[in-house]
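# Report on the structure
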Amino acid sequence: MKTPKILTHLWFEKDADKAAAFYCSIFPDSRVDRVTPLAADSPSGPAGSVVMVEFTLLGAPFMAITAGKHDPFNDAASILVNCDTQAEIDKYWNAIQEGGKAVACGWVIDRYGVRWQITASVLRDLLTSADEKVRQRVAAAQMKMKKIDIAALQAAAKG
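Presented here is a report on the structure given in the accompanying data block. (Residues numbered from 1 in each chain as written. Predicted model: local features only at pLDDT ≥ 70, side-chain atom pairs only at ≥ 80, totals over all residues. Heavy atoms only, no water.)

## A word on the packing of helix 4 (residues 132–143) against helix 5 (residues 150–158)
The relative placement of two packed helices comes down to the angle between their axes together with the axis-to-axis distance. As a reminder, the rule being used: Every angle, taken between N-to-C directions, lies between 0 and 180 degrees, and every axis is a line fitted to C-alpha atoms, over only the stretch in contact when it is a helix. We count a stretch as a helix when DSSP gives it H or I for four or more residues in a row; a strand needs E for two or more, and each element gets its number in order from the N terminus. It is the rotation of the near helix from the far one that decides the hand of a crossing: anticlockwise by less than a right angle makes it left-handed, clockwise makes it right-handed. Only heavy atoms matter for contacts: two residues are in contact if any of them lie within 4.5 Å across the pair. Throughout, the ten residues Ala, Val, Leu, Ile, Met, Phe, Trp, Tyr, Cys and Pro are labelled nonpolar, Asp, Glu, Lys and Arg are labelled charged, and all others, Gly among them, are labelled polar.
Interhelical geometry of helix 4 versus helix 5 gives an angle of 150 degrees and a closest axis separation of 8 Å. Crossing hand, helix 4 versus helix 5: right-handed. Side by side, helix 4 and helix 5 meet where Val 134, Arg 137, Val 138, Ala 141 and Gln 142 of the first sit next to Leu 153, Ala 156, Ala 157 and Lys 158 of the second. Its residues assigned to classes, the contact of helix 4 with helix 5 shows six nonpolar, one polar and two charged.

## Considerations on the sheet that holds strand 1 (residues 8–12)
To keep things clear, this is the line we draw: Note on pairing: DSSP must find at least two bridges between two strands before they are called paired.
Strand order across the open sheet formed by four strands is 1-4-3-2, with mixed pairing between neighbours. The outermost strands of the open sheet, each flanked by one partner alone, are strand 1 and strand 2 (31–37). Taking the axes of each pair of neighbouring strands and ignoring which way they run, one obtains an average angle of 20 degrees across the sheet. Sheet analysis places strand 3 (residues 51–57) next to strand 4 (residues 60–66), joined by seven bridges and oriented antiparallel. Bridging from a neighbouring strand, Thr 56 pairs with Pro 61 of strand 4. The sheet contacts of helix 1 (residues 16–26) involve strand 1, strand 2, strand 3 and strand 4, and relative to strand 3 the element is tilted by about 10 degrees.

## Things to note about the pattern of salt bridges
Condition: Any carboxyl oxygen of Asp or Glu that lies within 4 Å of a side-chain nitrogen of Lys or Arg is treated as forming a salt bridge with it.
Evaluation of the coordinates by the stated rule reveals seven salt bridges. Put simply, Arg 31 and Asp 33 hold a salt bridge, and the shortest N to O gap is 2.7 Å.

## What about the sheet that holds strand 5 (residues 79–83)?
Within the open sheet, the four strands sit side by side as 5-8-7-6. Their pairing is mixed. Edge positions in the open sheet fall to strand 5 and strand 6 (101–102), since each of these has one partner strand only. When strand 6 meets strand 7 (residues 107–109), the two strands line up antiparallel, connected through two bridges. Bridge pairing links Lys 101 to Ile 109 in strand 7.

## A closer look at unusual backbone geometry
The backbone of Asp 29 shows a phi angle near 50 degrees, a positive value even though the residue is not glycine. Within the secondary structure, Asp 29 is located in the loop between helix 1 and strand 2. Phi angles above zero are rare outside glycine, and Cys 105 is one such case at about 55 degrees. Locating Cys 105 in the fold gives a position in the loop between strand 6 and strand 7.

Here's what the structure looks like:
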């Protein structure tokens, strides 16, 4: 297995393997590729207590580690999922939110504390429209949403 030049790495206090399996159960073209206990003692614990997890989400490589307490996940980093349809938004939003917490503007905190943005692919175009009024109406509509509603965004764009 060739190691990619760049990928997302997540540090979990516990259950990185369970988190990876949970994420892979939600998204197509996803799988847990390898789970490997660290064979040496580390600052996080004795040999075998640290577990490295390699997994793929929607074809993108990720790594995770179970290595004890560290900095908690926060809004400074999130995993953004661009969705083409409302059905796709609903599917991913509902799955990620299970055991977690809906926040605002398409953001969800999952049961492991990881921040996700489940958003509409069209939102970027609407928020960068050449028409400032469209940008204002769409941004105002998005600020009122927890889960992204594509029809409401398109209606706001039309005025």
